[in-house]
Amino acid sequence: MPPLPRLLAAALLLAAPAAPAQDTIKVGEFAALTGGIASFGQSSHKGTLLAIDELNAAGGVLGKKLALLTEDDQSLAGQPATIVRKLISQDHVVAILGEVASSKSLEAAPICQENHIPMISPASTNPKVTETGDYIFRVCFIDPFQGTVMAKFAASRGWKKVAVLTDVKQDYSMGLAQFFKAGVVQGGGEIVKEQSYSSGDKDFKPQLTSLKAAQPEAIFVPGYYAEVALIAKQARLLGIKAPLLGGDGWMGDSLLKVAGTALDGCYFSCHFSADDKAPAVQGFLASYRAKYGAEPDDMAALGYDSAMILAAAIKRAGTTDSAALRDALAATKDHPGVTGRITLDDKRNATKPAVILGVGQGGFHFVESVAP
Ligand code: PHE
């Protein structure tokens, strides 16, 4: 054998076993597909998957198809950490999408940060999520804004004496209550009574009885849809006529099925309005309906935006190398999302309008869009 090929052969033998060539770009997703808040995970997953399918149908990203690896955290604390560790160390995903609930995102974020794997939460609004570190992003607004929006809305309706009922098991609920209360006081209103409950509770009559005695003009309930529906029913049974107000956590498939008419005349803030005539929104509505035969909600729209923003960043970075991808994500500017134009600020949060919806006649109606 002539010297050069011999050398080459030796070099090949000595070379470390090459990592199997990746013919796909692996993206991890953790979501509550089952359990207490399954409506959140089911919706965000459907939106995320729609985006991945559309991207792959258009040829993928950097010449490769995207592979979405989805894991169910069963709505259980402890699961996000286990799942995210597995996605990173066994599956070698380049980025992670999730979760909707802030407590779940807060569990996973330190692990992504430690491993320098970019994480994008579609819908977690608690400020602490992205404060975890520079690899943690979100495509939604945060609760200091959402709380202020609802405090101003209460003031605009003349509801000055307000009570608050908080879920102490959810970082989301605790944070949103705090920002709402600050907004009420700043606007010259008064918090006349506060009570709390824990996710999974079914009987809220003791707390509601105590709130009723303080004669509030409105009651802020920054909880998730399952408990909010029961709270509304029990409030009406106890003769409480004051409107309930809430945040994005009200959005869930069983809210009105369980609450019936008990939430009529109530209002909550959220992220997305199907009434929006922007081409990005109308295109998303059409393809979501075609794929699932159902209407998308906020989490579906945010899930879609999270995957599209990731893909756009991979394209701009020209690589899935984690530091370059992190930098590209941080530079996200004017992305035409279905939940609005998305620019990530220096704290990796999106600044965009909130939508206020009213409840009545078995559905929701658009009240107003509030700019930051
Ligand atoms: N913002 C909520 C949280 O942080 C989750 C949520 C988002 C719920 C959007 C419904 C719709 O926990």
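Since this is a predicted model, take the numbers as computed values, not measurements.

### Some thoughts on the overall build of the protein chain
Next, step 1: Helix and strand counts for the protein chain stand at 13 helices and 14 strands.
Next, step 2: Expected size for 372 residues packed as a compact globule is a radius of gyration near 21 Å; at 23 Å, the protein chain falls within 12% of this value.
Next, step 3: In terms of overall dimensions, the protein chain has a C-alpha envelope of 95 × 40 × 35 Å along the principal axes.
Next, step 4: Summed over its atoms, the accessible surface of the protein chain is roughly 15,500 Å², and 56% of this surface lies on carbon and sulfur atoms.
Next, step 5: A distance of 2 Å separates the average location of the 35 positive side-chain charges in the protein chain from that of its 37 negative side-chain charges.

### Brief notes about the packing of helix H12 (residues 298-317) against helix H13 (residues 322-330)
Next, step 1: Where H12 contacts H13, the two axes come as close as 8 Å, and the packing angle between them is 120°. Regarding H12 and H13, the two cross each other, and that crossing is right-handed. Two secondary-structure elements touch here, H12 through Ile309, Leu310, Ala313, Ile314, Arg316 and Ala317 and H13 through Ala324, Leu325, Ala328 and Leu329.
Next, step 2: Taken together, the residues of the contact of H12 with H13 sort by class into 9 nonpolar, no polar and 1 charged.

### Digging into empty space enclosed by the protein
Next, step 1: Summed over the entire model, instances satisfying the criterion amount to 3 cavities of 30 Å³ or more.
Next, step 2: One number sums up the size of the largest cavity: a volume of about 110 Å³.
Next, step 3: If you trace the largest cavity, you find 15 residues lining it, with Phe40, Val100, Ala123, Asp248 and Gly249 closest to the centre.
Next, step 4: Looking at the lining of the largest cavity element by element, the count peaks at 3 residues for H12.
Next, step 5: Tallied by class, the residues present in the lining of the largest cavity amount to 8 nonpolar, 5 polar and 2 charged.
Next, step 6: Inspection of the lining of the largest cavity shows a minimum of three residues originating in each of domain 1 (7-141 + 277-352) and domain 2 (143-270).

### A word on the domain arrangement of the protein chain
Next, step 1: Looking at the assigned domains, one finds that the protein chain contains domain 1 (7-141 + 277-352) and domain 2 (143-270).
Next, step 2: Computed over C-alpha atoms only, the centres of domain 1 and domain 2 are separated by 31 Å.
Next, step 3: Facing 19 residues of domain 1, the contacting portion of domain 2 comprises 18 residues.
Next, step 4: The contact between domain 1 and domain 2 buries some 1,400 Å² in all, and 55% of this surface belongs to carbon and sulfur atoms.
Next, step 5: Counting across the domain 1 and domain 2 interface gives 1 salt bridge.

### A look at the pattern of salt bridges
Next, step 1: Tallying each qualifying case throughout the model produces 9 salt bridges.
Next, step 2: Between Asp53 and Lys291 there is a salt bridge, with its nearest N and O atoms 2.6 Å apart. With Asp53 in helix H2 (residues 38-57) and Lys291 in helix H11 (residues 279-292), this pair connects stretches of sequence that are 238 residues apart.
Next, step 3: Linking Lys86 and Glu71 is a salt bridge whose minimum nitrogen-to-oxygen distance equals 2.8 Å.

### Comments concerning the side chain of Arg326
Next, step 1: Inspection of the secondary structure assignment puts Arg326 in helix H13.
Next, step 2: Beyond its immediate stretch of four places on either side in the chain, Arg326 contacts Pro118, Asp134, Tyr135 and Phe137.

### Remarks on the sheet that holds strand S2 (residues 65-72)
Next, step 1: What the 5 strands build is an open sheet, ordered S2-S1-S3-S4-S5; its pairing is parallel. Unpaired on one side and paired on the other, S2 and strand S5 (136-138) mark the two borders of the sheet. Across the sheet, the mean angle from the axis of one strand to that of its neighbour is 25°, orientation sign disregarded.
Next, step 2: Here strand S3 (residues 95-97) pairs with strand S4 (residues 119-121) via 2 bridges, running parallel. Residue pairing in the sheet places Ile96 in a bridge with Met119 of S4.
Next, step 3: Its contacts with the sheet place helix H4 (residues 102-114) against strand S1 (24-31), S3, S4 and S5, and it is angled at close to 165° to S4.

Calculation rules
Residues numbered from 1 in each chain as written. Predicted model: local features only at pLDDT ≥ 70, side-chain atom pairs only at ≥ 80, totals over all residues. Heavy atoms only, no water. Helix = DSSP H or I, 4+ residues; strand = E, 2+ residues; numbered from the N terminus. Rg over C-alpha atoms; globule rule 2.2 N^0.38 Å. Areas by Shrake-Rupley, 256 points an atom, 1.4 Å probe, with all protein chains shown as cover. Lys, Arg positive; Asp, Glu negative; His and termini not counted. Charge placed at Lys NZ, Arg CZ, Asp CG, Glu CD. Axes fitted to C-alpha atoms, helices over the stretch in contact; angles between N-to-C directions. Left-handed = near helix turned anticlockwise from the far one by under 90°. Contact = heavy atoms within 4.5 Å. Nonpolar A, V, L, I, M, F, W, Y, C, P; charged D, E, K, R; others polar. 1 Å grid on protein atoms, 1.4 Å probe; cavity = no way out; pocket = protein on both sides within 12 Å on 5 of 7 lines; lining within 4 Å. Points joined across faces, edges and corners; volume = space filled by probe spheres on them. Domains from an automatic or database assignment. Buried area = accessible area lost by both parts, 1.4 Å probe. Salt bridge = Lys/Arg side-chain N within 4 Å of Asp/Glu carboxyl O. Pairing = 2+ DSSP bridges.

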